[in-house]
Amino acid sequence: MRYDAAVIGGGVTGGMILRELSRYRLKTVLLEKAEDVAMGASKANSAIVHAGFDAAPGTNKARFNVEGNALMEQTARELSVPFIRNGSLVLAFTDEDLETVRELRSRGEQNGVPGLALLSPEEVLEREPAVSREIKGALWAPTGGIVCPYELTIGAVGNAMDNGARLRTGFAVEEIRDMGEYFLLRAGEETVEARFIVNAAGVHADEIARMAGDGSFTITPRRGEYELLDKSMGGLVRSTIFQPPTQMGKGVLVTPTVDGNLLTGPTSENIADKEDTAATAAGLETVQRLARKSVPGIDFRMTITSFAGLRACSSTHDFVIGPAKGAPRLIHAAGIESPGLTSAPAIAKAVVKHLEKAGLVLEENPDFDPIRRPFPKFREMDDEERAALAAADPRFGRIVCRCEGITEGEVLEAIRRNPPARSVDAVKRRTRAGMGRCQGGFCGPQVVELLARELGIPMDEVTKSGGKSRMLAGKNR
């Protein structure tokens, strides 16, 4: 099939663009090199919906941050994704920090961020009793929020697929040829034809650009390491707690998650390897030290996992949004580092406008449905709702994951609905089976068994995250 548009990259930016395109009568496809969507920065970030006070006025980051923040509540509601507007605090520990937060307030007001206020130490401690007594004040941003980044990505792609879009995983673009009327995209022996292309390839976006003859920017991966703590620590703070930003980013934060855990991080380190997501002892020690500076009472013995993600830092120091040089039918959505998650809904709208300017005809799809059916969450139901669900389908009465209260019915739902889960980690991102205190020690074998049964493959062919990451060692078949 020849597509009207192909989106390269299955992160939150690519997912939102695909969903925006599905509003129109178009044949569209999302091309993702991994076995699932949300496998890059979209599964390993701070999960913060930023208010918009950090980005320099006049930049793409400033514009799309504020626009995206305003769109996030409705977007999350339509996609049945958890979102909480919990507000953000930037703590000041010195007189120099106080000057910085004043500058941030001024910058935020120029960017159009509503409700910014400078708080005294007493006002901060009244709001967040667990923060350090050493502070001299803070910036308060009430429009800051938290969301689940991989659920948002999965929701956007699933909604687009429900509205007719296609998804091809395991498609790592190796070559782009402009054939005049259309582009030919090659991945190994497979090819896709598309009249227009969107480059949302994250840390690999500069490579995609060069395939089309555009060498105007480069991407440097910036590794950020995190520690996630048990839900027993989740109520320590209500707001997202920042320290004053530096040239390398917004610094180590402390924040609740939408699922009730406590998240700390990230570090900030430019690296050369675009696949290196290893957490390090030195990096995690830095996370703990700086997080305790903001919230001294964090008990890191309650850490249940650590991880690292890569941010796509552009040589332009801004989002790269617009047509490629020399290839106007290829639109970049590149260099999408923080606040990329927040900005994604707004970036999607801008990219579709660029496609229209480049010649893509947009005819509204009268059958487009923006609502994604809520995923059944047994753990959030009351006893009456649980009994009714289990009576209608006994699989929702069988607990698979004790830590998170996930049922067999939810695992099967993850495997069967768009975009379908094909690995243990894919099930984990959709259901939270394996995200609790035991990190899959109890539920892992049952998830493997269910995947094997549903996919019609031997258990020793079930993978953790695609490729050769097999969960079991077995005989060659």
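The model shown is predicted, which means the values in this text are computed figures rather than measured ones.

Topic: the overall build of the protein
Thought 1: Helices and strands together make up the secondary structure of the protein, namely 12 helices and 22 strands.
Thought 2: For a compact globule of 477 residues, the expected C-alpha radius of gyration is about 23 Å, and the protein comes in at 22 Å, within 12% of that figure.
Thought 3: In the protein, buried positions account for 56% of the 477 residues.
Thought 4: Sequence-distant contacts, at least 24 apart, represent 72% of the contacts inside the protein between residues at least 6 apart.
Thought 5: When the accessible surface of the protein is summed, it comes to about 20000 Å², and 48% of that surface belongs to carbon and sulfur atoms.
Thought 6: One finds the centroid of the 61 positive side-chain charges in the protein at a distance of 2 Å from the centroid of its 64 negative side-chain charges.

Section: the nonpolar core
Thought 1: With 44 residues, the main nonpolar core has Leu21 and Val351 as its most contacted residues.
Thought 2: Elements represented by at least two residues in this core include exactly strand 1 (2-8), helix 1 (12-21), helix 2 (60-78), helix 5 (149-162), strand 12 (190-199), strand 20 (327-334) and helix 8 (340-357).
Thought 3: Here this core gets nine residues from one element, more than from any other, and that element is helix 8.
Thought 4: In contact with Leu21, other than residues within four places in its own chain, are Ala5, Val7, Leu26, Thr28, Val352, Leu355 and Leu360.

Here's the deal with the pairing of strand 10 (residues 175-178)
Thought 1: Strand direction decides the pairing type here: strand 10 and strand 11 (residues 183-187), joined by four bridges, are antiparallel. When the sheet's bridge partners are listed, Glu175 is paired in strand 11 with Arg186.
Thought 2: Between strand 10 and the antiparallel strand that follows it, strand 11, lie four residues; Gly180 among them carries a positive phi value of about 100°.

Digging into empty space enclosed by the protein
Thought 1: In total, this model carries three cavities of 30 Å³ or more according to the counting rule given.
Thought 2: Size it by volume and the largest cavity reaches roughly 160 Å³.
Thought 3: Within the residue set of the lining of the largest cavity, elements represented by two or more residues are helix 5 and helix 11 (424-431).
Thought 4: Of all the elements, helix 5 adds the most residues to the lining of the largest cavity, at three residues.
Thought 5: Here the lining of the largest cavity is composed, by residue class, of six nonpolar, three polar and seven charged.
Thought 6: Of the volumes computed, that of the second largest cavity is approximately 90 Å³.
Thought 7: Lining the second largest cavity are His50, Ala51, Gly52, Phe53, Asp54, Asn65, Val90, Leu104, Phe242, Gln243, Pro245 and Lys250.
Thought 8: Taken together, the residues of the lining of the second largest cavity break down into six nonpolar, four polar and two charged.

Things to note about the layout of surface pockets
Thought 1: In this structure, the second largest pocket encloses a volume near 210 Å³.
Thought 2: Looking at the second largest pocket, it is lined by 14 residues, and the ones nearest its centre are Thr246, Gly251, Val252, Pro266 and Leu290.
Thought 3: Its residues placed into classes, the lining of the second largest pocket shows five nonpolar, seven polar and two charged.

Digging into the sheet that holds strand 4 (residues 83-84)
Thought 1: A sheet is described by the order of its strands in space; here three strands give the open sequence 3-8-4, paired in antiparallel fashion. The two strands at the open ends of the sheet, each matched to only one other strand, are strand 3 (48-49) and strand 4.
Thought 2: In this sheet, strand 8 (residues 145-147) lies alongside strand 4 in antiparallel orientation, the contact comprising two bridges. Its bridge partner being in strand 8, Ile84 is matched across the sheet by Ile146.

Details of the pairing of strand 16 (residues 262-265)
Thought 1: Side chains of strand 16 alternate between two faces, with Leu262 and Thr264 and Leu263 and Gly265 buried alike.
Thought 2: As judged from the three bridges shared by strand 13 (residues 219-229) and strand 16, these two strands associate in the antiparallel manner. Within strand 16, the position partnered with Glu227 by the bridge is Thr264.
Thought 3: Note: strand 15 (residues 253-256) against strand 16, four bridges, orientation antiparallel. Note that in strand 16 the partner of Val254 across the bridge is Thr264.

Re the pattern of salt bridges
Thought 1: Evaluation of the coordinates by the stated rule reveals 42 salt bridges.
Thought 2: Linking Arg329 and Asp178 is a salt bridge whose minimum nitrogen-to-oxygen distance equals 2.9 Å. A residue pair is termed long-range when its members are at least 10 positions apart, and Arg329 in strand 20 and Asp178 in strand 10 qualify at 151 residues.
Thought 3: Here Asp178 falls in the partly exposed class, since its relative accessible area comes to 48%.
Thought 4: Each of Lys231, Asp259, Arg379, Glu404 and Arg432 takes part in one network of salt bridges that share partners.

Reading the values: rules and limits
Residues numbered from 1 in each chain as written. Predicted model: local features only at pLDDT ≥ 70, side-chain atom pairs only at ≥ 80, totals over all residues. Heavy atoms only, no water. Helix = DSSP H or I, 4+ residues; strand = E, 2+ residues; numbered from the N terminus. Rg over C-alpha atoms; globule rule 2.2 N^0.38 Å. Buried < 20%, exposed > 50% of the residue type's maximum accessible area, 1.4 Å probe, protein only. Contact = heavy atoms within 4.5 Å. Areas by Shrake-Rupley, 256 points an atom, 1.4 Å probe, with all protein chains shown as cover. Lys, Arg positive; Asp, Glu negative; His and termini not counted. Charge placed at Lys NZ, Arg CZ, Asp CG, Glu CD. Core = buried A, V, L, I, M, F, W, Y, C linked by side-chain atoms within 4.5 Å. Pairing = 2+ DSSP bridges. 1 Å grid on protein atoms, 1.4 Å probe; cavity = no way out; pocket = protein on both sides within 12 Å on 5 of 7 lines; lining within 4 Å. Points joined across faces, edges and corners; volume = space filled by probe spheres on them. Nonpolar A, V, L, I, M, F, W, Y, C, P; charged D, E, K, R; others polar. Salt bridge = Lys/Arg side-chain N within 4 Å of Asp/Glu carboxyl O.

So, to be careful, I would describe these as geometric facts and stop short of saying anything about function.
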